[in-house]
Amino acid sequence: MKAEAAVVVVISLPTAIFPSDPSVRPAALWLAAAVEVHTAKEVFAVNGTNQRLKCTFSSSSPVSQDLIVTWNFQPEDLSSHEQVFHYQKGPCKPPAGRFKERVTWDGNIERNDVSIIIWNLQPSDNGTFTCQVINFPDVHGTIGEVRLRVVHKVSFSEIHFLAVAIGSASVLMIIVVAAVIICRQRRRKARDKRMEVADAELKEKESLKMSEEKEPIPLED
């Protein structure tokens, strides 16, 4: 199960529209609820591939035609934020930046899905992506955060080399173990043979001794 990360954000509205005196504020403001944004906490992707960054939201109000979705990016070096994607009455690709030609809309507003796809991932794309949704009159909400980790792609030659190395080491180990077993068996057989020879010699000596003891002693005249 993927954990979800969210950061609370409060949108300030002009006091001219909503006076500071609670007694004169519109009732609609009190009925407004927070928009909850849901993203994966961390995503891993291979260098050179495409990755869908999933982001969904829930709101107490129906999806507004004025729905606003903003995707931003902050590199691992914590430099300034960069806009990745913007949705307002339709998808709007960024006019400039590293994601200008590498991001597409992959969401479905009717299903509360505001996901995007990042194409041709690079190591420089390592960092944190944020997904913010504003669904009027819900003016408070959370910002979903997903950390992207781009890992280097392992080439076929590296895999082949690794497989050969592991296979060679396994074969060598099998040969060594087999040689040790054979050596031990030969030593055991040689020892058993020596013991058999020693037993045979001992039996022969005992047999000769018994024969000598049984021979009659000639009587003197």
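The structure reproduced in this document is the subject of the present report. Computed from a predicted structure; not experimentally measured.

**Comments concerning the overall build of the protein chain**
Line of reasoning, step 1. Along its length, the protein chain carries two helices and 12 strands.
Line of reasoning, step 2. Secondary structure of the protein chain in N-to-C order comes out as β-α-β-β-β-β-β-β-β-β-β-β-β-α.
Line of reasoning, step 3. Taking all 221 residues of the protein chain together, the buried fraction comes to 27%.
Line of reasoning, step 4. Restricting the contact set of the protein chain to residue pairs at least 6 apart, pairs at least 24 apart contribute 61%.
Line of reasoning, step 5. Only carbon and sulfur atoms are counted for the fraction: they give 59% of the accessible area of the protein chain, which is about 15,700 Å².

**Quick look at the state of the cysteines**
Line of reasoning, step 1. Per the counting criterion, the structure on display carries one disulfide.
Line of reasoning, step 2. Shown here is the disulfide that connects Cys-55 with Cys-131, its sulfur atoms set 2.2 Å apart. Around the S-S axis, the bridge from Cys-55 to Cys-131 shows a dihedral of about -90° and counts as left-handed. Of this pair, Cys-55 sits in strand E5 (residues 55-58) while Cys-131 sits in strand E11 (residues 127-134), placing them 76 residues apart in sequence.
Line of reasoning, step 3. Given the relative accessible area of 0%, Cys-55 is considered buried.

**Concerning the sheet that holds strand E4 (residues 51-53)**
Line of reasoning, step 1. Strand order across the open sheet formed by three strands is E4-E10-E9, with antiparallel pairing between neighbours. If you trace the sheet from one side to the other, it starts and ends with E4 and strand E9 (103-105), each paired once. Shown here is a sheet whose adjacent strand axes are inclined to one another by a mean of 25°, direction ignored.
Line of reasoning, step 2. Both E9 and strand E10 (residues 116-118) contribute to a ladder of three bridges, which runs antiparallel. Of the residues in E10, the one forming a bridge with Trp-105 is Ile-116.

**With respect to the nonpolar core**
As a rule of thumb, nonpolar side chains are buried together in soluble globular proteins.
Line of reasoning, step 1. Grouped together as the largest cluster of nonpolar side chains are 28 residues, with contacts concentrated most on Trp-71, Val-84, Val-114, Ile-116, Ile-118, Phe-129 and Val-133.
Line of reasoning, step 2. Broken down by secondary-structure element, the contributors of at least two residues to this core are strand E3 (42-46), E5, strand E6 (68-75), strand E7 (82-88), E10, E11 and strand E12 (140-151).

**What about the side chain of Thr-39?**
Line of reasoning, step 1. Residue placement: Thr-39 occurs in strand E2 (residues 36-39).
Line of reasoning, step 2. Thr-39 gets classed as buried once you look at its relative accessible area, which sits at 4%.
Line of reasoning, step 3. A polar atom in the side chain of Thr-39 sits 3.0 Å from the backbone oxygen of Glu-145.

**Notes on the environment of Lys-100**
Line of reasoning, step 1. Along the polypeptide, Lys-100 turns up in the loop between strand E8 (91-92) and E9.
Line of reasoning, step 2. In this structure, the C-alpha to C-alpha distance between Lys-100 and Gln-83, residues 17 residues apart in sequence, is 9.6 Å.
Line of reasoning, step 3. If near-sequence neighbours (up to four positions away) are discounted, Lys-100 is found in contact with Pro-94 and Pro-95.

**Some thoughts on the packing of aromatic side chains**
Aromatic rings in a pair are described by how distant their centres are and how their planes are angled relative to each other.
Line of reasoning, step 1. Tallying each qualifying case throughout the model produces five aromatic pairs.
Line of reasoning, step 2. Plain terms: the ring middles of Tyr-87 and Trp-105 are 4.7 Å apart, the flat faces sit at 25° to each other, and that makes the pair stacked. Residue Tyr-87 is found in strand E7, and its partner Trp-105 is found in strand E9; the two are separated by 18 residues along the sequence.
Line of reasoning, step 3. Classification of Tyr-87 by relative accessible area gives buried; the value is 14%.

The rules behind the values
- Residues numbered from 1 in each chain as written.
- Predicted model: local features only at pLDDT ≥ 70, side-chain atom pairs only at ≥ 80, totals over all residues.
- Heavy atoms only, no water.
- Helix = DSSP H or I, 4+ residues; strand = E, 2+ residues; numbered from the N terminus.
- Buried < 20%, exposed > 50% of the residue type's maximum accessible area, 1.4 Å probe, protein only.
- Contact = heavy atoms within 4.5 Å.
- Areas by Shrake-Rupley, 256 points an atom, 1.4 Å probe, with all protein chains shown as cover.
- Disulfide = S-S within 2.5 Å.
- Pairing = 2+ DSSP bridges.
- Axes fitted to C-alpha atoms, helices over the stretch in contact; angles between N-to-C directions.
- Core = buried A, V, L, I, M, F, W, Y, C linked by side-chain atoms within 4.5 Å.
- Polar contact = N/O pair within 3.5 Å; in protein donor to acceptor, adjacent residues only side chain to side chain.
- Phe/Tyr/Trp six-rings, centres within 6.5 Å; stacked < 30°, edge-to-face > 60°.

Geometric values such as these leave the question of function open.
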